[in-house]
Amino acid sequence: MTPLTLLKSQLNLDHDLDDALLSHKLAVAEEWVGNFVGTAFADHDPVPVSLTEAALQLAAYWYGQREAVSDVRMLPIPYGVIDLLRPYRESVTGHDA
């Protein structure tokens, strides 16, 4: 859904060497966003810019931090992503009416 060119702009990349990896990271980020909010990314028409920004931030972060282990403290997701997604998250209370 999100154009690869937009992610490359986010990362300031001007080459095609990692296009396959970037496309993969972007697809995973969009899937993660959909799972978090409870609605598939593609089901939003049009996709809100906040969801696109969250996917871009996730994909860029995961592109830069490719390993789960590092000498520096890493977060599973970058700061701000949850804040961008919170308004779109479906509430599940467990109450059956």
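Let me begin by describing the structure that accompanies this report. Just so it is clear, the structure is predicted and the values come from calculations on it, not from any experiment.

The rules behind these values
- Residues numbered from 1 in each chain as written.
- Predicted model: local features only at pLDDT ≥ 70, side-chain atom pairs only at ≥ 80, totals over all residues.
- Heavy atoms only, no water.
- Salt bridge = Lys/Arg side-chain N within 4 Å of Asp/Glu carboxyl O.
- Buried < 20%, exposed > 50% of the residue type's maximum accessible area, 1.4 Å probe, protein only.
- Phe/Tyr/Trp six-rings, centres within 6.5 Å; stacked < 30°, edge-to-face > 60°.
- Helix = DSSP H or I, 4+ residues; strand = E, 2+ residues; numbered from the N terminus.
- Lys NZ or Arg CZ within 6 Å of the ring centre and 35° of its normal.
- Contact = heavy atoms within 4.5 Å.
- Core = buried A, V, L, I, M, F, W, Y, C linked by side-chain atoms within 4.5 Å.

### Quick word on the pattern of salt bridges
Side chains carrying opposite charge are able to pair once their charged atoms draw close together. For the structure shown, the criterion picks out three salt bridges. A salt bridge links Lys 8 to Asp 16, with the shortest nitrogen-to-oxygen separation between them at 2.8 Å. By relative accessible area, which is 12% here, Lys 8 ends up buried. Its relative accessible area of 59% is what places Asp 16 among the exposed residues. One salt-bridge network, in which partners are shared between bridges, spans Lys 8, Asp 16 and Asp 19.

### Here's the deal with the packing of aromatic side chains
Overall, the coordinates contain one aromatic pair when judged by the stated rule. Consider the rings of Trp 32 and Phe 36, whose centres lie 5.4 Å apart with planes at 10 degrees: the pair is stacked. Here the residue Trp 32 and the residue Phe 36 both occupy positions in helix H2 (residues 19-37), the gap between them amounting to four residues, near one helical turn. Since its relative accessible area comes to 26%, Trp 32 is described here as partly exposed. Seen from the ring of Phe 36, Arg 89 lies directly overhead, with NZ or CZ sitting 4.0 Å from the centre.

### Here we look at the side chain of Thr 52
Considering the arrangement of structural elements, one finds Thr 52 in helix H3 (residues 49-64). Leave out the neighbours within four places in its chain, and Thr 52 touches Thr 2, Leu 6, Phe 41 and Val 47.

### Focus on the nonpolar core
Residues Leu 7, Ala 29, Val 33, Phe 41, Leu 51, Leu 58 and Leu 85 are the most contacted members of the largest nonpolar core, which totals 21 residues. Counting only elements with at least two residues in this core, the list comes to H2, H3 and helix H4 (81-85). When residues of this core are assigned to their parent elements, the largest contribution, nine residues, is made by H3. Setting aside residues no more than four positions away along its own chain, Phe 41 makes contact with Met 1, Thr 2, Glu 30, Val 33, Gly 34, Val 47, Leu 51, Thr 52 and Ala 55.

### Description of unusual backbone geometry
Backbone phi values are negative for most residues with the exception of glycine, while trans is the configuration of most peptide bonds. Following Asp 45, the chain continues to Pro 46 via a peptide bond in cis, the omega torsion being 0 degrees. By secondary structure assignment, the location of Pro 46 is in the loop between H2 and H3. If you check the backbone angles, Asn 12 has positive phi at about 55 degrees while not being a glycine. Assignment of secondary structure puts Asn 12 in the loop between helix H1 (4-11) and H2. On the basis of relative accessible area, Asn 12 is assigned to the exposed category, the value being 70%.

Geometric values such as these leave the question of function open.
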